[in-house]
Amino acid sequence: VIIKDVRNILSANDRIAVANRERFTRWDSYVVNLMGAPGAGKTAILERTIKGLSERYRLAVIEGDVRGSYDRDRLRRVADIPIVQINTEIAYGGECHLDALMIANAIGDVELPGTDLVFIENVGNLVCPAEFDVGENSKVMVASVTEGEDKPLKYPLMYSVCDVLLLNKSDIAVAVDFDRELFRQNCRSVNPGLLIIEVSARSGEGIPAWLGWLDRRVAG
Amino acid sequence: LLAMVVSEAMHELGIARSLVEVAVAAMTERCVTIPAKSLQVEVGRFTSVVPDSLRFYFEVLSRETLLEGAELAIETIPLRTRCQKCLVEAEPDIASLLCPSCDGLVEVVGGRELRLISIELSDEAA
């Protein structure tokens, strides 16, 4: 006997993601899922972003890590905003990404209506987070010049699902012989529509362009 | 064993968990009480899933369900693209998503599958 029943394996995740998105919409929030390799500078960029926007907008952050709350502690020092820490080691088998259920559990019964921007900092990883819709409005990845030009070709799924790529550590591109044109060409071959913004979380260059992009999203 | 699963955790863990959930749901909704012999599953090449890893977690997570011991038959679906300009279809090298014919923008029409297709029940059904 064969039961023929075509079902999307991630349908449970996708249903929860839709519910998350509806909830964020009720809050009137724009939600960014921030992804990238460990050490690319996701938290450093968030520090700059919060510093630049916390006077103008109401912000909230959901931090995803396998363990520890180092990132949350760093962001706490920047501004007094709601930050929820998810540790996948505790209830989710040490998963290397965030999924929609983790986000639903993290926000729980908390309602934050009027929050303009919610940042979800995903677990540092170039593979798995690309697979899971968590209910965000945009997927943004942070890549850094020290990772090399070939990464779009090695991790095509991650590069292909993102709307924006923040190319971090651009201030040291020359020192590490980073070939901008080759990198852009590799990005184009896996995601022709990808918006690339060169930034440096250290020097602050390029950050205004990133904040401008966020301004336009908040304005709708 | 759980400790081993935790220390080895990869995203296939979550995907295997979802697979067990949807398959068990498909059986329960039909009031099936006999165990499964095999599951037919499609995994696209343009996903982040490693079939062997999915099999390992499936074996662990299906224990004490109707799926315990069932074979996971995974069909790998190639990446297929269709050019938005010249409509040429291709099965490109996974690293390039540009039209091989005109260099135009393509849409992915296959290769993102993560689907349960069917469940074969064990012979004691007959």
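Report on the accompanying structure. (Residues numbered from 1 in each chain as written. Chains lettered and ligands numbered in written order. Predicted model: local features only at pLDDT ≥ 70, side-chain atom pairs only at ≥ 80, totals over all residues. Heavy atoms only, no water.)

## Re the overall build of chain B
In terms of regular secondary structure, chain B is built from three helices and six strands. Going from the N terminus to the C terminus, chain B shows its helices and strands as α-α-β-α-β-β-β-β-β. Its C-alpha atoms give chain B a radius of gyration of 18 Å, more than 25% over the compact-globule value 14 Å for 126 residues. With the C-alpha coordinates aligned to their principal axes, the bounding extent of chain B is approximately 55 × 40 × 20 Å. A separation threshold of at least 6 residues defines the contact pool for chain B, and within that pool the share at least 24 residues apart is 71%. Carbon and sulfur atoms provide 52% of the accessible area of chain B, an area that totals close to 6,300 Å². (Helix = DSSP H or I, 4+ residues; strand = E, 2+ residues; numbered from the N terminus. Rg over C-alpha atoms; globule rule 2.2 N^0.38 Å. Contact = heavy atoms within 4.5 Å. Areas by Shrake-Rupley, 256 points an atom, 1.4 Å probe, with all protein chains shown as cover.)

## Description of helix α2 (residues 42-53) of chain A
Residue and element names in this part refer to chain A. With 12 residues, α2 should reach 16 Å at 1.5 Å per residue; the first-to-last C-alpha distance of 16 Å fits that figure. The set of residues buried in α2 consists of K42, T43, I45, L46, T49, I50 and L53. On an axial view of α2, the arc spanned by its buried residues comes to 155 degrees, and they lie on one face. (Expected span 1.5 Å × (residues − 1). Buried < 20%, exposed > 50% of the residue type's maximum accessible area, 1.4 Å probe, protein only. Arc of directions from axis to C-beta.)

## A word on the sheet that holds strand β3 (residues 59-65) of chain A
Strands pair in a sheet through their backbones, by hydrogen bonds, and they do so in one of two ways: parallel or antiparallel. All names here are of chain A. Strand order in the open sheet made by the seven strands is β4-β3-β5-β2-β6-β7-β8, with parallel pairing throughout. Both edges of this open sheet fall to β4 (83-87) and β8 (195-198), since each of them pairs with a single strand only. Sheet twist, expressed as the average angle between the axes of neighbouring strands with direction ignored, equals 20 degrees. By the bridge criterion, five bridges tie β3 to strand β5 (residues 117-121) in an arrangement that is parallel. Note on β5: the bridge partner recorded for A60 is V118. Packed on one face of the sheet, α2 meets β2 (30-36), β3, β5, β6 (138-144) and β7 (164-168) and runs near 165 degrees to β5. (Pairing = 2+ DSSP bridges. Axes fitted to C-alpha atoms, helices over the stretch in contact; angles between N-to-C directions.)

## Some points on the environment of A173 of chain A
All names here are of chain A. Within the fold, A173 resides in the loop between β7 and α8 (180-190). With a relative accessible area of 1%, A173 lands in the buried category. Along the backbone, A173 and S144 are 29 residues apart, and their C-alpha atoms lie at a distance of 9.0 Å. Setting aside residues no more than four positions away along its own chain, A173 makes contact with V145, F178 and R180.

## Some words on the pairing of strand β1 (residues 2-8) of chain A
Only one face of β1 of chain A is covered, namely the one carrying I3, D5 and R7 of chain A; the face carrying I2, K4, V6 and N8 of chain A has none of its residues buried. For β1 of chain A and strand β6 (residues 114-121) of chain B, the ladder comprises five bridges, and the chain directions are antiparallel. Bridging from a neighbouring strand, K4 of chain A pairs with S118 of chain B of β6 of chain B.

## A word on the packing of helix α2 (residues 11-28) of chain B against helix α3 (residues 51-61) of chain B
Residues and elements named next belong to chain B. Running from amino to carboxyl end, α2 crosses α3 at an angle of 55 degrees, the nearest separation of the two axes being 8 Å. By the angle between their directions, the pair α2 and α3 is classed as oblique. The way α2 lies across α3 gives a crossing that is right-handed. Of the residues in α3, those touching α2 at E12, L13, I15, A16, R17, L19 and V20 are S53, L54, Y57, F58 and L61. Across the contact of α2 with α3, the residue classes tally to nine nonpolar, one polar and two charged. (Parallel < 35°, antiparallel > 145°, perpendicular 65-115°, else oblique. Left-handed = near helix turned anticlockwise from the far one by under 90°. Nonpolar A, V, L, I, M, F, W, Y, C, P; charged D, E, K, R; others polar.)

## Remarks on α2 of chain B
Taking 1.5 Å of rise per residue, the 18 residues of α2 of chain B would be expected to cover 26 Å, and the 26 Å separating its terminal C-alpha atoms lies within 8% of that figure. Burial analysis of α2 of chain B places 13 of its 18 residues in the buried class, the great majority of the element.

## Examining the nonpolar core
Counting residues in hydrophobic clusters, the biggest one holds 31 residues, and the most contacted among them are L19, L39 and I119 of chain B. Contributions of two or more residues to this core are made by α2, β1 (36-44), α3, β2 (71-77) and β6 of chain B. By residue number, the principal contributor to this core is α2 of chain B, which donates nine residues. Among residues more than four places away in sequence, those in contact with L19 of chain B are I9 of chain A together with L39, V41, F58, L72 and L116 of chain B. Grouped together as the second largest cluster of nonpolar side chains are 29 residues, I50, V199, L211 and L214 of chain A included. (Core = buried A, V, L, I, M, F, W, Y, C linked by side-chain atoms within 4.5 Å.)

## With respect to the environment of D150 of chain A
Residue and element names in this part refer to chain A. Take D150: it is sitting in the loop between β6 and α6 (151-154). Its relative accessible area of 30% is what places D150 among the partly exposed residues. Placed 33 residues apart in sequence, D150 and F183 show a C-alpha to C-alpha distance of 6.9 Å.

## With respect to the side chain of E95 of chain A
Residue placement: E95 of chain A occurs in the loop between α4 (88-91) and α5 (100-107). Of the side chains bearing the opposite charge, R17 of chain B lies closest to the buried E95 of chain A, which forms no salt bridge; the N-O distance is 4.1 Å. At 3.1 Å, the side chain of E95 of chain A forms a polar contact with the backbone nitrogen of G14 of chain B. (Lys, Arg positive; Asp, Glu negative; His and termini not counted. Salt bridge = Lys/Arg side-chain N within 4 Å of Asp/Glu carboxyl O. Polar contact = N/O pair within 3.5 Å; in protein donor to acceptor, adjacent residues only side chain to side chain.)

These results come straight from atomic positions and should not be treated as a statement about function.
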